[in-house]
Amino acid sequence: MFPLIFILIIAVATITGIIEGKKYHNKKIKNTIMRGMQKQGLKKQLIQQNKIRHLDKHFSTALITSRVENAFYIIKQAWSEQDLSSSRAFISDGISEAYQIQFEIQQTQQHRRKIENMIITNSELVGIEADKHFETLHFKITSRADYPIEIKGRHKQTDSWVPLTTKTEYLTYVRLPGVQTRTLPGLIEGTCPNCGSILALSQSVQCQACRSLVCSGEYDWILAKITQEAQWRFQNAKRQINGVSDYQVVDPAFNIPLIEDRVTSVFWRMQKAWLIQNSTPLIAVAHSSYIEKFNQLSTAHFFDNVQLGLCEVSKVQFGEDFDKVSLLLKWQGNKITHTGKVPAATGYYAHHLTMIRKTGVKSDIKKGLHSLHCYGCGAPQSDNYQDRCEYCDSLFNQGEQDWILQDFIPHIEHIIKMKGQEFALSETAQVKSDRIFDPVSLLSGLILVLFADGRVDKQEKHLLDQFVKNRRIAQSVLDEIITAAENGQLDMLTPDETLDASGWLDQLIEMCLADGQVCAEEWKLLLKFGEKFNFLAIDINLRIKRKRQQLYRQSRQTLKS
Ligand SMILES: [Zn+2]
Ligand SMILES: [Zn+2]
């Protein structure tokens, strides 16, 4: 009797030990992955910061952070008052263009979006990049404010009971390498960094005293981009884009921030063209063949409350007459028909853009983010949208100065043209993709797949709720995307055209593993996703295991070094 009990006790103890040991091991892997990823981030940041310090020894993150906070208040107030003069000196042409057109859309709608009682609750420098063309800083700013809408002819409602809205945004600042940090006031403080005069700018970005083009990034930091939290993904300037390095051999100053700013302007001019049902806003930035195409398409609607989420170069190609850059744009807005005037629920859209430039033309880095200024003489492109410079008569739309729009088509059309209808089900194209996806793209792709049968399944909805909660994405973002899917207004097909279903699954797994483990809800969600593409549970488990081991190895290496 005794020995049997003894054996049993040993057996139980051993099994418990194994289970506990396994739990411990699991926890260790989880912690290692998390710590490794954090350290990797910090290390990268420090290397980039040292590159900036090497050229500018007074560079201070504390100083620039406080200046950026100050700038944040100035920009928000300018936007709310629909008067950009106080901020014009330190924002790019793309942002300025975007804001002007947003104001016009609001005026057409006879309402006015305002920002009141704003306070910054947190701000931090979250990313630094330095290459030979630009120094780039990414700030994460969280603020609280009221966002009332004033409707023309109606008394202002006193909504004192409405709680303040909290928002997190990412602001990207750039300047040219070698610019020095100074103790004197600069562009953000309303002073010309070249001659010290107080700046009085409107359309022109030229200092009235010394004639320098101040917002080129040649003198001080310039705000290049504002991204909402849900759409944010840290894009390393050195990410591998098909064709870029080959192209830079011929045109060394060709760089991504410049063309993305240019395309931002083109995008907003497109919105304006839809608003006024006329192609004139595009004349200076599009090839005549596209203008013809635009005029043939009927523009029965425009958009309000537009947010440009993603603007990303996907390919650069040499051509015989024109070189070509392909871009993917993702954005959202409320569609309004010109006859009905009632805004629809938020729609999510993706467009594929082709920009062209005459073969042999080279980029001019000295012009910085002056995408809407004449390259011949530096004068601003005038308000009345002409195809040539009023001062020096250079033609804007021949592709002889800068990249111009050749085509703008829905992303889905582009994919169908490229891959035919079998997209996603084929597992042949094993394109290695190192990109990090923004949560909204992944989420909308996921929802499109899950809701392909047209029903909103309660269990699936529950899993998605958990998924956004774990990723700290606002519930309202998920709800809006689902509504858009139900209304057929979700036009983003997948996070990336180069991904097949298999690559997509791996991306989802990696996203789930960012905190070191796949929780039960996430696992069920992955299974649901897999079902739609005939992946077996056993295959999915294997992929999770493989990915986790890979992340663990990488993290351990990082922690050791
Ligand atoms: Zn000056
Ligand atoms: Zn000119």
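Residues numbered from 1 in each chain as written. Chains lettered and ligands numbered in written order. Predicted model: local features only at pLDDT ≥ 70, side-chain atom pairs only at ≥ 80, totals over all residues. Heavy atoms only, no water.

1. Focus: the sheet that holds strand 8 (residues 322-337)
Backbone-to-backbone hydrogen bonds join strands into a sheet, with any given pair of strands oriented parallel or antiparallel.
So, step 1. Taken together, the 4 strands give an open sheet; going across it, the order is 7-8-9-10, and neighbouring strands pair in antiparallel fashion. Only two strands of the sheet have a single partner each, and these edge strands are strand 7 (301-317) and strand 10 (404-410). Neighbour-to-neighbour, the strand axes of this sheet turn through a mean angle of 25°, independent of strand direction.
So, step 2. Here helix 5 (residues 256-276) sits on the sheet and contacts strand 7, strand 8, strand 9 (346-358) and strand 10; the angle it forms with strand 7, its principal contact strand, is near 145°.
So, step 3. Across the sheet, helix 10 (residues 475-486) is in contact with strand 8 and strand 9; its angle to strand 9 comes to roughly 85°. (Pairing = 2+ DSSP bridges. Helix = DSSP H or I, 4+ residues; strand = E, 2+ residues; numbered from the N terminus. Axes fitted to C-alpha atoms, helices over the stretch in contact; angles between N-to-C directions. Contact = heavy atoms within 4.5 Å.)

2. Details of the packing of aromatic side chains
Each aromatic ring pair is specified by the distance between its two centres and by the angle formed by the two planes.
So, step 1. All chains considered together, the criterion is met by 16 aromatic pairs.
So, step 2. Ring centres of F59 and W221 lie 6.3 Å apart, and the angle between their planes is 55°; this geometry places the pair in the tilted category. Placement of F59 in the loop between helix 1 (2-55) and helix 2 (61-81) and of W221 in the loop between strand 5 (165-175) and strand 6 (222-228) is noted, with a sequence separation of 162 residues between them. The same class applies to F59 as to W221, namely buried.
So, step 3. Linked through ring pairs, F267, W268, W274, F303, W331, Y349 and F408 together constitute an aromatic cluster.
So, step 4. Stacked on the ring of Y147, the Lys or Arg K167 has its end atom at 4.2 Å from the ring centre. (Phe/Tyr/Trp six-rings, centres within 6.5 Å; stacked < 30°, edge-to-face > 60°. Buried < 20%, exposed > 50% of the residue type's maximum accessible area, 1.4 Å probe, protein only. Lys NZ or Arg CZ within 6 Å of the ring centre and 35° of its normal.)

3. Thoughts on the confidence of the model for the protein
One rule of thumb: low pLDDT means the predicted coordinates there are not for detailed reading.
So, step 1. Residues at a pLDDT of 70 or more form 84% of the protein, whose mean pLDDT is 80.
So, step 2. No element of the protein has a lower mean pLDDT than helix 7 (residues 411-419), at 57, and none a higher one than helix 2, at 95.
So, step 3. Predicted confidence is poor over residues 419-435, with pLDDT under 50, and the contacts of this stretch with residues over four places away or in other chains come to 29 contacts. (pLDDT = per-residue confidence, 0-100.)

4. Considerations on the pattern of salt bridges
Opposite charge on two side chains permits pairing when their charged atoms draw close.
So, step 1. Under the criterion given, the structure shown has 20 salt bridges.
So, step 2. Between D93 and R88 there is a salt bridge; the shortest N-O distance is 2.8 Å.
So, step 3. Given the relative accessible area of 4%, R88 is considered buried.
So, step 4. Put simply, D56, E135 and R175 are held in one network by salt bridges that share partners. (Salt bridge = Lys/Arg side-chain N within 4 Å of Asp/Glu carboxyl O.)

5. A word on a positive patch on the surface
So, step 1. Together, K28, R553, R556 and K560 make up a positively charged patch on the protein surface.
So, step 2. In terms of residue count, helix 13 (residues 537-560) provides more of the positive patch than any other element does, 3 residues in total.
So, step 3. With relative accessibility at 69%, the residue K560 sits in the exposed group. (Patch = residues over 30% accessible without salt bridge, like charges linked within 9 Å, V, L, I, M, F, W, Y side chains within 5 Å. Areas by Shrake-Rupley, 256 points an atom, 1.4 Å probe, with all protein chains shown as cover. Lys, Arg positive; Asp, Glu negative; His and termini not counted. Charge placed at Lys NZ, Arg CZ, Asp CG, Glu CD.)

6. Concerning the sheet that holds strand 5
So, step 1. Taken together, 4 strands build an open sheet; the order of strands is 2-3-5-6 and the sheet is antiparallel. Every other strand in the sheet has two partners, leaving strand 2 (116-130) and strand 6 as the edge strands with one partner each. On average, adjacent strands in this sheet sit at an angle of 25° to one another, irrespective of strand direction.
So, step 2. Inspection of the sheet shows strand 2 paired to strand 3 (residues 135-146) by 11 bridges, in the antiparallel sense. Following the sheet pairing, I120 is matched in strand 3 by S143.
So, step 3. In the packing of helix 2 onto the sheet, contacts are made with strand 2, strand 3, strand 5 and strand 6, and the angle to strand 2 comes to roughly 135°.

7. Considering the environment of Q466
So, step 1. Structurally, the position occupied by Q466 is in helix 9 (residues 458-471).
So, step 2. Put simply, Q466 and E521 are 55 residues apart on the chain and 6.8 Å apart in space, counted from C-alpha to C-alpha.

8. Some words on helix 10
So, step 1. In this model helix 10 runs 17 Å from its N-terminal to its C-terminal C-alpha over 12 residues, within 8% of the 16 Å that 1.5 Å per residue would give.
So, step 2. Taken together, the buried positions of helix 10 are V477, L478, I481, I482 and A484. The buried side chains of helix 10 occupy one side of the element, clustering within an arc of 160° when seen end-on. (Expected span 1.5 Å × (residues − 1). Arc of directions from axis to C-beta.)

9. Some thoughts on the packing of helix 2 against helix 3 (residues 93-108)
So, step 1. Look at helix 2 against helix 3: their axes get within 10 Å of each other, and the N-to-C directions meet at 30°. Where helix 2 approaches helix 3, its residues I75, A78 and W79 are matched on the opposing element by Y99, Q102, F103 and Q106.
So, step 2. In terms of residue class, the contact of helix 2 with helix 3 is built from 5 nonpolar, 2 polar and no charged. (Nonpolar A, V, L, I, M, F, W, Y, C, P; charged D, E, K, R; others polar.)

10. Considering the coordination of the zinc ion (ligand 1)
So, step 1. For the zinc ion (ligand 1), the full set of protein donor atoms is C192 (SG), C195 (SG), C207 (SG) and C210 (SG), and the range of their distances to it is 2.3 Å.
So, step 2. Every donor counted, the 4 donor atoms about the zinc ion (ligand 1) form angles of 108 to 111° at the centre, which fits tetrahedral coordination.
So, step 3. Counting gaps between the donor residues of the zinc ion (ligand 1) yields the pattern C-x2-C-x11-C-x2-C. One end of the pair, C192, is in the loop between strand 5 and strand 6; the other, C210, is in the loop between strand 5 and strand 6, and 18 residues separate them in sequence.
So, step 4. A relative accessible area of 26% means that C210 is categorised as partly exposed. (Donors = N, O, S within 2.8 Å, 3.2 Å for Na, K, Ca; no water. Tetrahedral: all angles 85-135°; square planar, octahedral: opposite > 155°, others 65-115°.)

11. Describing a nonpolar patch on the surface
So, step 1. Nonpolar side chains collect at one region of the surface, where V249, V250 and F318 lie side by side and expose about 310 Å² of accessible area between them.
So, step 2. Examined against the element boundaries, F318 turns out to sit in the loop between strand 7 and strand 8.
So, step 3. Exposure remark for F318: the relative accessible area of 48% places this residue in the partly exposed category.

12. Observations concerning the pairing of strand 3
Every regular strand shows the same layout, with side chains that alternate between the two sheet faces.
So, step 1. When you tally the buried positions in strand 3, you get 9 out of 12 residues, the bulk of the element.
So, step 2. Joining the antiparallel neighbours strand 2 and strand 3 is a turn of 4 residues.
So, step 3. Where strand 3 and strand 5 come together, 11 bridges link them in antiparallel fashion. Each residue of the ladder has a partner; that of I141, found in strand 5, is E169.

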